Amino acid sequence: MMLYHPACALVVFTAKGSASPYIEYYDMDEAGSPVNPHPLSVREAQSLAKALDTTGQAAKAFLKPEGFLPTGVLHIDPSGNGSVLWHTKPQIQRLHFTESLGLESCEVNLPALVWKADRKQLQLFALVTKAKPKANTPLYHAPFFNFYSNGNVCMGNVDIRIGSAASLEEFVKAWESYFFGSYFSHHIDSHNPVKGNLTSLYRDLMDKGHPFPADALVKTRLTVKDLL
C-alpha cells in the first residue's frame, strides 16, 4: 500500500465586498507543518490545474459499457461528441401530445426502432420487422410528430444534458427518456411519416390496442449502414 505525505497546502483568503480571492501557497516541512508562505505563482497554479484536470479520465469513461455490451447496441463511436447506434424491439410506450393535436397522452404500440444519437442530436427510424437489423436492413420513417424528413428529431425546449463521462447504458437511457418524455406537437416542413393521417392512426392504436401496422410505415432510401 502506497503511503502519501503532505507536500504543500493552499489557503484561500477572501475579503468582504471582493469577488476575487487571494491564495497563498505553503510548503510542508518534515513534520507536516506549513512553512514558507507565499502568493500562488503561475507555475504552481498551472501544476495544480494539471493535477485537477479530469478531462482524460472522462474521455476514457465516455460510452464505456458498465458490463457486457447491451444486445441492442449496433455501433459505438466514443470520439468527440460520441455517437451510438442502437435498436429497440416493438414496445408499448406512453406518448405525450400538446393540446393542439387533440390527442390525450396514452400508451400505444410502437414498431421496432433504430436510434442514432450523439451528445446533442437524435436521429430515429422505424423497422418493419422485429429481428435485430443488419447493415443492409432498410429504414422507414419513424411514425412520430416533430421529425424532419432526414430522421432528425426536433426536441423543442427539452434540456439535453449528456455527461462527458456517461456510460453507454446511461447515454442510451437518457436519450430514450428525453424522447418519450417530450411532447409531440406538429409536422415539420409538411413531413408526414406514415401513409394516411398520423393523428387518426394514433387514435386507432389508442382505442383498439393493436400492434403498430407495419404497412402504414413509409420507406426511406436509407439502410442501417448509411448511419455508420
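Further up the page is the structure itself.
Residues numbered from 1 in each chain as written. Predicted model: local features only at pLDDT ≥ 70, side-chain atom pairs only at ≥ 80, totals over all residues. Heavy atoms only, no water.

A.B. asks: What's the story with the layout of surface pockets in this structure? I'm lost.
C.D. replies: Take a probe with the size of a water molecule and roll it over the atoms, and the empty space left behind shows itself. Here the largest pocket defines a volume of roughly 170 Å³. In this structure, the largest pocket is lined by 15 residues; those nearest its centre are Pro 90, Leu 110, Pro 111, Lys 130 and Phe 212. Listing elements by their share of the lining of the largest pocket, those giving two or more residues are strand E6 (91-97) and strand E7 (106-110). (1 Å grid on protein atoms, 1.4 Å probe; cavity = no way out; pocket = protein on both sides within 12 Å on 5 of 7 lines; lining within 4 Å. Points joined across faces, edges and corners; volume = space filled by probe spheres on them. Helix = DSSP H or I, 4+ residues; strand = E, 2+ residues; numbered from the N terminus.)

A.B. asks: Looking at this structure, how should I read the packing of aromatic side chains?
C.D. replies: The geometry of an aromatic ring pair is captured by the separation of the ring centres together with the interplanar angle, meaning the angle of the planes. Taken as a whole and judged by the stated rule, the model has 15 aromatic pairs. Ring geometry for Trp 86 versus Trp 115: centroids 5.5 Å apart, planes at 10 degrees, classification stacked. Separated by 29 residues along the polypeptide, Trp 86 in strand E5 (residues 83-88) and Trp 115 in strand E8 (residues 113-117) bring together distant segments of the chain. Pair check on accessibility: Trp 86 and Trp 115 agree, each one buried. Seen from their ring centres, Phe 97 and Phe 184 are 6.2 Å apart, and the 45 degrees between their planes marks the pair as tilted. One end of the pair, Phe 97, is in strand E6; the other, Phe 184, is in strand E11 (residues 183-184), with 87 residues separating them in the sequence. Under the relative-accessibility criterion, Phe 97 is labelled buried at 5%. Exposure remark for Phe 184: the relative accessible area of 1% places this residue in the buried category. The rings of Phe 62, Trp 86, Phe 97, Trp 115, Phe 144, Phe 145, Phe 147, Phe 171, Phe 179, Phe 180, Phe 184 and Tyr 202 are connected pair by pair, giving a single aromatic cluster. (Phe/Tyr/Trp six-rings, centres within 6.5 Å; stacked < 30°, edge-to-face > 60°. Buried < 20%, exposed > 50% of the residue type's maximum accessible area, 1.4 Å probe, protein only.)

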